[in-house]
Protein chains: 2
Amino acid sequence: VRPISMVHHLLPASDGELATLSFLQDVMDILLQYLVTNFDRSTKVIDFHYPNELLQEYNWDLADQPQTLEEILSNCRIALKYAIKTGHPRYFNQLSTGLDMVGLAADWLTSTANTNMFTYEIAPVFVLLEYVTLRKMREIIGWPGGAGDGIFSPGGAISNMYAMLIARFKMFPEVKEKGMAAIPRLVAFTSEHSHFSVKKGAAALGIGTDSVILIRCDDRGKMIPSDLERRIVEAKQKGFVPFLVSATAGTTVYGAFDPLIAIADICKKYKIWMHVDGAWGGGLLMSRKHKWKLNGVERANSVTWNPHKMMGVPLQCSALLVREEGLMQSCNQMHASYLFQQDKHYDLSYDTGDKALQCGRHVDVFKLWLMWRAKGTVGFEAHIDKCLELAEYLYNKIKNREGFELVIEGKPQHTNVCFWYVPPSLRNMEDNEERMNRLSKVAPVIKARMMEYGTTMVSYQPLGDKVNFFRMVISNPAAAHQDIDFLIEEIERLGQDL
Amino acid sequence: VRPISMVHHLLPASDGELATLSFLQDVMDILLQYLVTNFDRSTKVIDFHYPNELLQEYNWDLADQPQTLEEILSNCRIALKYAIKTGHPRYFNQLSTGLDMVGLAADWLTSTANTNMFTYEIAPVFVLLEYVTLRKMREIIGWPGGAGDGIFSPGGAISNMYAMLIARFKMFPEVKEKGMAAIPRLVAFTSEHSHFSVKKGAAALGIGTDSVILIRCDDRGKMIPSDLERRIVEAKQKGFVPFLVSATAGTTVYGAFDPLIAIADICKKYKIWMHVDGAWGGGLLMSRKHKWKLNGVERANSVTWNPHKMMGVPLQCSALLVREEGLMQSCNQMHASYLFQQDKHYDLSYDTGDKALQCGRHVDVFKLWLMWRAKGTVGFEAHIDKCLELAEYLYNKIKNREGFELVIEGKPQHTNVCFWYVPPSLRNMEDNEERMNRLSKVAPVIKARMMEYGTTMVSYQPLGDKVNFFRMVISNPAAAHQDIDFLIEEIERLGQDL
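Here the structure is a predicted model, which is why all the values come from computation and not from measurement.

Quick notes on the overall build of chain A
Here comes step 1: Assigned secondary structure in chain A consists of 16 helices and 12 strands.
Here comes step 2: Relative to the globule expectation of 23 Å for 498 residues, the C-alpha radius of gyration of chain A, 25 Å, shows essentially globular dimensions.
Here comes step 3: Dimensions of chain A, computed from the C-alpha atoms along their principal axes, are close to 80 × 75 × 45 Å.
Here comes step 4: The buried share of chain A, taken over its 498 residues, is 67%.
Here comes step 5: Across chain A, the fraction of contacts at a sequence separation of at least 24, relative to all contacts at a separation of at least 6, is 72%.

Right, here's the structure in full:
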């Protein structure tokens, strides 16, 4: 019988070494076992419980008294039992799927190093790796010599907000001290298919969602440049000041790439900051075959690029890249003298914390850096090419298949494939309101059944006048042709009676 | 001889299980070895290299071709070699120090689960644990039944920014759509010793740093309520609208607690949102002995509380708690239909993502929850009481010691102890400008030497008219009396010739 171990028996307790090694090895064994099942197609993606059920399944409460380490291990097992297997080959629910083993190892190391990105003083290696990695990403974007600036931020929404913040500051630096009251009424432009974070950022920054003008898209979800120009002129005539165009490279639902060259020309003509939200599509820059879809990105003033999406880096890892160096620093710095002492003994340009909105900032770079070392650029390229090939495979399989109807015409540009499943009962119906109404209820029911069976997960949504349809996306390195086949058959199995 | 292993030999490769287990176990062995030395007083806290040296020590570049897994393990060893040992008993440099073994295990599990907090659908357990944990924190703040709202955000600066955002929205909900142009000129109030993030937030939100009015503090760094009231009245007379008072519970440098009850009375009188920035001091709520220092916090409208500081949770873990339920949601929601589908089959109140500024959001709750289970509330209490006892021990040791001069009178309220070390050469000098000038150079030199020897790390800064002084803080669970003794003697050793 093992003696009862409690947390106070672990390090830093003076005789805590053995107990610590034993406890952490036990945790590791639980994690390794979970990992292996994660990739096993015969296991469920999810063991679904409704919230009120899950609250009652287990006592999750926080108490005054400590639990034993045995109980802590049980907590870990239980947490994993009800977790989604996000690395499972049939998990397609989000833009971020899959679990890379080197990325995971790097994240474990990051947790173990447990430091903060604000100064070189306390994160020397990680600050240097951020410098090296951001420079490399800027090179790939196409900025000469990789010059420029940037930061890893907590997610694409925040990266986009940074872009808006910096664009505003570039045009009206007095906004930092004087606020929006001192500057003209600003307007930003983005497509109607862009990510909601552009509006969310505008709300937060005091610009207001009404000042985000949504530009029309063509049938494939790409911003129409002539509409952009028309709306810019219109806004200027009303006395508003256009300060930002946020183009999207890889929209969330359709995976569309806005025409960046045409947008860059317009931004140049009207002297407007051009941001490219490549949170989802930025990864394609790693592929010689697909990077043409982002042609013109090198003319952007700023780019959001989330390696935690298409490049499979563990969550979270989002970069904002900025072409002009020093602007982030001027925009955000507050010169806190307790942190950014000016009389330190090393080169202060490595104390990058004051360019951030955050004070404390998690180390998000190491997992990307280590994965890059392990895969090389060619490894990311192979992953991306394979995911796009799988998307095309899915497209080819369903384009003429009975019961499947594509939402947009033509081969997918990204890995997004959007489609309706039309159950037999609806196939011979006239295309009227009743059919639309019934069709809108199909995807939610199939999705609920998927989760209850736990066999696969894929997302759905309505968009504009199009009722609920499935949005398949493939970023999961574990996914193979058989999983695409499975998904199609599973949708048919779960939806045929509807 | 082991065969050469590459990342593509690992899972999800179909025969990757053994290679994966072996690789991850190798990583784990490196981490465990690092961990054990982390707590060993005979090892250095830091193996310091200047940035340009460190860039040349190793080839950090990102290449086209992959490295072997052996090389990846080397990268891990090198990264840890140059990392700061933030769990080392003599690491006192930041408000976040120490490394908790259960917190670490929980962070490893979080990485392994690799999911995103935006919906219950993909983070069922973690969403429930956030719900349970935030409710518990609100109970401890003193809000009846733990009612209210909140979120874990990427750091205290962002938590404070949320408070400002919500306070503005509460008073002028039209700001979300119309922006700052549609509402009166706002002003916020915080003390001159408050954290720089209040100004940073005001700059970002389009309020402007000039609209943050800094209230005077007494000698111990506490906001003077009469000055607050005077400045509110003054601002109103000028036609400005006071919308937020950000009181500080535990200032960054002095560790001062603003008088929350008096501030609450003023906020009530003038109908102003009361925020308490307890990023550093919030942890004291866990201690029956020390929580009186936050008396009045239950009257706040919102509270920032960073468990990654005084409670020793791994970075990062910051909570914003809000008394009024639903306000965060109204303020931030954008109803993205691809994510927050309204026709899902479960209770949608658990899809908390739309109340966040972020879209993707890292799981920061599990490490806090698991540590709480392992330590119990009493365990956090014991940790906090011990750290405060150590601070008092330091204070008592140096208050009459030759060569040490306290910056503020009286026993420390938090674990901050601020002091000058006065080398023998300055001890008999007249208190004039030359002495101040020379004294200002002492702490930076001692700090640089500390880092070069790698023996300990403690922060310094100037404040107002006070030249560079050391700010000792103790949140490190590994620290003991001997480490305080060591710090004092090390400062004397490194500074006696100055």
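Brief notes about the interface of chain A and chain B
Here comes step 1: Across the boundary between the two partners, chain A contributes 154 residues, which contact 155 residues of chain B.
Here comes step 2: Here chain A packs against chain B, burying approximately 13400 Å² in sum over the two surfaces, 67% of which is carbon and sulfur.
Here comes step 3: It is Leu62(A), His345(A) and Arg373(A) that lose the most area in chain A upon contact with chain B, and together they represent 6% of the buried surface on that side.
Here comes step 4: Here chain A is connected to chain B by 6 salt bridges.
Here comes step 5: Across the pair Lys200(A) and Asp354(B) runs a salt bridge whose closest N-O atoms are separated by 3.2 Å.
Here comes step 6: In this structure, the connection of chain A to chain B is made through 80 residue pairs in polar contact (both at pLDDT 80 or more).
Here comes step 7: For the side of chain A that touches chain B, the leading source of residues is helix 1 (residues 17-38) of chain A, giving 13 residues.
Here comes step 8: Split by residue class, the side of chain A that touches chain B holds 91 nonpolar, 38 polar and 25 charged.

As for the packing of aromatic side chains
Aromatic ring pairs are described here by two measures, namely the spacing of the ring centres and the angle between the planes.
Here comes step 1: If you walk through the whole model with that rule in mind, you get 35 aromatic pairs over all chains.
Here comes step 2: An aromatic cluster is present here, built from Phe48(A), Tyr50(A), Tyr120(B), Tyr131(B), Tyr346(B) and Tyr350(B) joined pairwise through their rings.
Here comes step 3: In this arrangement the basic side chain of Arg90(A) is found over the ring face of Phe486(A), its NZ or CZ atom lying 4.0 Å from the centre.
Here comes step 4: Above the plane of the ring of Tyr453(B) lies Arg493(B), whose end atom (NZ or CZ) is 4.7 Å from the centre.

A closer look at helix 3 (residues 69-82) of chain B
Here comes step 1: Taking 1.5 Å of rise per residue, 14 residues should cover 20 Å, and helix 3 of chain B covers 20 Å from first to last C-alpha, within 8% of that figure.
Here comes step 2: Regarding helix 3 of chain B, the residues found buried are Leu69(B), Ile72(B), Leu73(B), Asn75(B), Cys76(B), Ile78(B), Ala79(B), Leu80(B) and Tyr82(B).
Here comes step 3: Among the structural elements, helix 4 (101-113), helix 5 (124-141) and helix 12 (365-398) of chain A together with helix 1 (17-38) and helix 2 (51-57) of chain B are those in contact with the buried residues of helix 3 of chain B.

Observations concerning the UniProt feature "modified residue: N6-(pyridoxal phosphate)lysine" (unreviewed entry) in chain A
Residue and element names in this part refer to chain A.
Here comes step 1: Here the UniProt-annotated "modified residue: N6-(pyridoxal phosphate)lysine" (unreviewed entry) positions come out as Lys309.
Here comes step 2: As for its position among the elements, lysine 309 is in the loop between strand 7 (302-305) and strand 8 (318-322).
Here comes step 3: The residues contacting lysine 309, other than those within four sequence positions of it, are Leu95, Ser96, Ala279, Trp280 and Ser475.

Observations regarding the sheet that holds strand 1 (residues 91-92) of chain A
Residue and element names in this part refer to chain A.
Here comes step 1: Taken together, 5 strands build an open sheet; the order of strands is 1-11-12-10-9 and the sheet is mixed. With one partner strand each, in any of the chains shown, strand 1 and strand 9 (404-406) form the two edges of the open sheet.
Here comes step 2: The pairing of strand 9 with strand 10 (residues 417-421) spans 3 bridges and is antiparallel. Following the sheet pairing, glutamate 405 is matched in strand 10 by tryptophan 420.

Quick look at the packing of helix 5 (residues 124-141) of chain B against helix 12 (residues 365-398) of chain B
All names here are of chain B.
Here comes step 1: Between helix 5 and helix 12, whose axes approach to 9 Å, the crossing angle comes to 55 degrees. If you check the angle between helix 5 and helix 12, you find them oblique. Considering only the axes of helix 5 and helix 12, their crossing is left-handed. Between helix 5, through Phe126, Leu129, Glu130, Thr133, Lys136, Met137 and Ile140, and helix 12, the contact on the second element is made entirely by Val365, Phe366, Leu368, Trp369, Trp372 and Thr377.
Here comes step 2: Residue classes in the contact of helix 5 with helix 12 are distributed as 9 nonpolar, 2 polar and 2 charged.

Focus on unusual backbone geometry
Here comes step 1: Cis rather than trans, the peptide bond between Leu11(A) and Pro12(A) has omega equal to 10 degrees.
Here comes step 2: Summarising the element assignment, Pro12(A) is placed in the segment before helix 1.
Here comes step 3: A cis geometry characterises the amide bond from Leu315(B) onward to Gln316(B), with omega recorded as -5 degrees.
Here comes step 4: If you trace the backbone, Gln316(B) turns up in the loop between strand 7 (302-305) and strand 8 (318-322).

Digging into the pattern of salt bridges
All names here are of chain A.
Here comes step 1: In total, this model carries 58 salt bridges over all chains according to the counting rule given.
Here comes step 2: Between glutamate 234 and arginine 231 there is a salt bridge whose closest N-O contact spans 3.3 Å. Residue glutamate 234 and its partner arginine 231 are both found in helix 9 (residues 225-237); the two are separated by 3 residues, about one turn of the helix.
Here comes step 3: Given the relative accessible area of 27%, glutamate 234 is considered partly exposed.
Here comes step 4: Judged by relative accessible area, arginine 231 falls into the partly exposed class, the value being 23%.

Let's talk about the side chain of Asn416(B)
Here comes step 1: Inspection of the secondary structure assignment puts Asn416(B) in the loop between strand 9 (404-406) and strand 10 (417-421).
Here comes step 2: With residues near it in sequence (within four places) discarded, Asn416(B) still touches Thr251(B), Thr252(B), Val253(B), Tyr254(B), Gly255(B), Trp280(B), Arg471(B), Met472(B) and Val473(B).

Description of the pairing of strand 3 (residues 186-191) of chain A
Residues and elements named next belong to chain A.
Here comes step 1: With respect to burial, strand 3 is a largely interior element, 6 of its 6 residues being buried.
Here comes step 2: Across the two faces of strand 3 the burial is the same, with Leu186, Ala188 and Thr190 and Val187, Phe189 and Ser191 all buried.
Here comes step 3: Taken together, the 5 bridges between strand 3 and strand 5 (residues 241-248) define a ladder with parallel strand orientation. Counted as the bridge partner of threonine 190 is serine 246 from strand 5.
Here comes step 4: Strand direction decides the pairing type here: strand 3 and strand 4 (residues 212-215), joined by 4 bridges, are parallel. For threonine 190, the partnering residue across the bridge sits in strand 4 and is leucine 214.
Here comes step 5: Handedness of the crossover is the feature at issue here: the chain leaves strand 3, passes through helix 8 (residues 197-204), returns alongside strand 4, and the resulting connection is right-handed.

Here's the deal with the packing of helix 3 (residues 69-82) of chain A against helix 4 (residues 101-113) of chain B
Here comes step 1: Running from N to C, helix 3 of chain A and helix 4 of chain B point in directions that differ by 15 degrees, and their axes come no closer than 11 Å. When the axes of helix 3 of chain A and helix 4 of chain B are compared, the pair comes out roughly parallel. Of the two elements, helix 3 of chain A crosses helix 4 of chain B, and the hand of that crossing is right-handed. In this structure, helix 3 of chain A uses Leu69(A), Ile72(A), Cys76(A) and Leu80(A) to contact helix 4 of chain B, whose residues at the interface are Val102(B), Leu109(B) and Ala113(B).

Considering the state of the cysteines
Residues and elements named next belong to chain B.
Here comes step 1: For the structure shown, the criterion picks out 0 disulfides over all chains.
Here comes step 2: Here cysteine 331 is not disulfide-linked; the sulfur of cysteine 359 is the nearest cysteine sulfur, at 17 Å.
Here comes step 3: Of the residues examined, cysteine 331 reaches a relative accessible area of 4% and is grouped as buried.
Here comes step 4: Unpaired in terms of disulfides, cysteine 418 finds its nearest cysteine sulfur in cysteine 217, a separation of 13 Å.
Here comes step 5: Cysteine 418 gets classed as buried once you look at its relative accessible area, which sits at 3%.

Things to note about helix 14 (residues 433-440) of chain B
Residue and element names in this part refer to chain B.
Here comes step 1: Within helix 14 the residues assigned to the buried category are Arg435, Leu439 and Ser440. Seen from one end, helix 14 has its buried residues packed into an arc of 135 degrees, which puts them on one side.
Here comes step 2: The secondary structure elements touched by the buried residues of helix 14 are strand 9, strand 10, helix 13 (424-427), helix 15 (442-453) and strand 12 (466-472).
Here comes step 3: Where helix 14 begins, the side chain of asparagine 432 points an oxygen toward the backbone nitrogen of glutamate 434, at a separation of 3.2 Å.

So, how was this worked out
Residues numbered from 1 in each chain as written. Chains lettered and ligands numbered in written order. Predicted model: local features only at pLDDT ≥ 70, side-chain atom pairs only at ≥ 80, totals over all residues. Heavy atoms only, no water. Helix = DSSP H or I, 4+ residues; strand = E, 2+ residues; numbered from the N terminus. Rg over C-alpha atoms; globule rule 2.2 N^0.38 Å. Buried < 20%, exposed > 50% of the residue type's maximum accessible area, 1.4 Å probe, protein only. Contact = heavy atoms within 4.5 Å. Buried area = accessible area lost by both parts, 1.4 Å probe. Salt bridge = Lys/Arg side-chain N within 4 Å of Asp/Glu carboxyl O. Polar contact = N/O pair within 3.5 Å; in protein donor to acceptor, adjacent residues only side chain to side chain. Nonpolar A, V, L, I, M, F, W, Y, C, P; charged D, E, K, R; others polar. Phe/Tyr/Trp six-rings, centres within 6.5 Å; stacked < 30°, edge-to-face > 60°. Lys NZ or Arg CZ within 6 Å of the ring centre and 35° of its normal. Expected span 1.5 Å × (residues − 1). UniProt positions renumbered as here; feature names shortened; annotations may be inferred. Pairing = 2+ DSSP bridges. Axes fitted to C-alpha atoms, helices over the stretch in contact; angles between N-to-C directions. Parallel < 35°, antiparallel > 145°, perpendicular 65-115°, else oblique. Left-handed = near helix turned anticlockwise from the far one by under 90°. Right-handed = clockwise from strand over helix to strand, strands pointing away. Disulfide = S-S within 2.5 Å. Arc of directions from axis to C-beta.

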